[in-house]
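Per-entry structural report
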Amino acid sequence: MGSSQSALNFGAGPAKLPSEVLYDVQQEFLSYKNTGMSLIEMSHRSKEYMEINDNAEKAVRELLKVPSNYKILFLQGGGCGTFAAIPLNLMNRTGSADYAVTGTWSAKAAKEAAKYGKYSQNLRDREVFPDESTWTLNPNASYLYYCDNETVDGVEFPKIPNSHDVPLVADMSSIRCYIWRCPKNIGPSGVVVVIVREDLLGNAMKVCPSVLDFTHVAKEKSIHNTPSTFSVYVMEKVLQWIKKNGGVAAMQTQIVPLTIGSEVGLIYHFVGGKNGNESLEAKFVEEAEKLKMYQLKGHRSVGGIRASLYNAITVSDVELLVKFMVEFQKQYGPKP
Ligand SMILES: *Cc1c(COP(=O)(O)O)cnc(C)c1O
């Protein structure tokens, strides 16, 4: 392998990508498939790019077993842009929607929805996940929205909620358990994957910008205007890398970090949490960086320490982190 990267990157996003993919991109960066041009210099309507676009869509369909009555769209504007796109596309049916607010991201999504219609909020800033039987769902909602994993607050849905006959919309930016384990790092930033059931299309509000209109984007096969060609190109490579490495199931079993849970708890005990010691946190980050372990600082809104352990992080990377944590605990932790 031609990788010369040596930093251990525990970032939450943008985050570590497989070095094999980066190497591949580097190799063909100046001349894509011997064309003498870089892919980023080519038209988004070139046969080269359209092939990448098609292959990326096929790979998503295959990896996630997406049924044929669902469209796969590549949009821009990120997760937050999609927070607006969802009500703009789907709220028209009944004029209202249900939002399960379990943390930062779903709260943002609900705030965005409020601009376009009525919404009811089911759960408010709950740290512990409330039992589904206690929810009062609006049977007349256009959809029920939830965030599978609140990456800032660490609140994860234990299972897919039952929305009864109401369409379910999920923010799967970080799918920790069941589907794929490459939240936010299926490629560089600049592309967001939307998977939508066909019968829900065609209901966008009049004010919906064309670039966010799922129906329009689906019709144009995600090349309605200039896409982030580089992002889709790298994403396609990451998807092929997942396929080559055994697909989604393999990605799940490959993940070992559960074993470091107790060590994380240990660290959390004295550097993090609500009564966190900020100077010790800073020390932790500083000491870690000396060992080339980067992006361990928590989200700016909550602070603390966060290690994101996605597919591209190897077991030995995790072991190095654990070793460092144990050493840090010995040196700076409470003495027994
Ligand atoms: C990061 C994140 C987002 C926001 O994504 P952007 O592309 O930065 O707008 C939304 N939802 C979840 C769960 C996230 O982790």
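Structure's up top.
Within every chain, residues take consecutive numbers counted from 1 along the sequence as written. Local features in a predicted model are, by the rule used here, given only for residues with pLDDT of at least 70; side-chain atom pairs are given and counted only at 80 or more, and totals for whole chains, interfaces and linings are based on all residues. Heavy atoms from the whole structure form the basis of all side-chain values; hydrogens and water molecules are not counted.

For the purposes of this entry, the term helix denotes a DSSP run of H or I that reaches at least four residues, the term strand denotes a run of E that reaches at least two, and both are numbered from the N terminus. Its place among the elements puts Ala-288 in helix α9 (residues 278–290). Classification of residues uses two cut-offs on accessible area relative to the type maximum, computed with a 1.4 Å probe and protein chains only: under 20% is buried, over 50% is exposed, and between them is partly exposed. Ala-288 sits in the buried class, given a relative accessible area of 0%. In this structure the C-alpha to C-alpha distance between Ala-288 and Leu-321, which are 33 residues apart in sequence, comes to 8.4 Å. Discounting residues that sit within four places of it in the chain, Ala-288 has contacts with Met-293, Leu-296 and Phe-324. Here, residues are in contact when the closest pair of their heavy atoms is within 4.5 Å.

When charged atoms on two side chains of opposite charge get close, those side chains can pair. Salt bridge, as used here, is a side-chain nitrogen of Lys or Arg placed within 4 Å of a carboxyl oxygen of Asp or Glu. Evaluated as defined, the whole model comprises 12 salt bridges. One salt bridge in this structure joins Glu-112 and Lys-115, with 3.1 Å as the shortest N-O distance. Within the structure, one salt-bridge network assembled from shared partners comprises Asp-24, Glu-28 and Lys-237.

Our next topic: the packing of helix α1 (residues 19–27) against helix α6 (residues 229–244). Two elements in contact, α1 and α6, have axes whose closest approach is 10 Å; the angle formed by their N-to-C orientations is 135°. With respect to α6, the element α1 is oriented oblique. Considering how the two elements wind past one another, α1 and α6 form a crossing that is right-handed. Mapping the contact onto sequence places Glu-20, Val-21, Asp-24 and Val-25 in α1 and Phe-230, Tyr-233, Val-234, Lys-237, Val-238, Trp-241 and Lys-244 in α6. Inter-axis angles, ranging from 0 to 180 degrees, are taken between N-to-C directions of lines fitted to C-alpha atoms, where helices are fitted over the stretch in contact. Just so you know how the angles are binned, under 35 degrees is roughly parallel, over 145 roughly antiparallel, 65 to 115 roughly perpendicular, and the rest oblique. With the far helix as reference, a near helix turned anticlockwise by less than a right angle produces a left-handed crossing, and one turned clockwise produces a right-handed crossing.

Keep in mind these values describe shape, not function.
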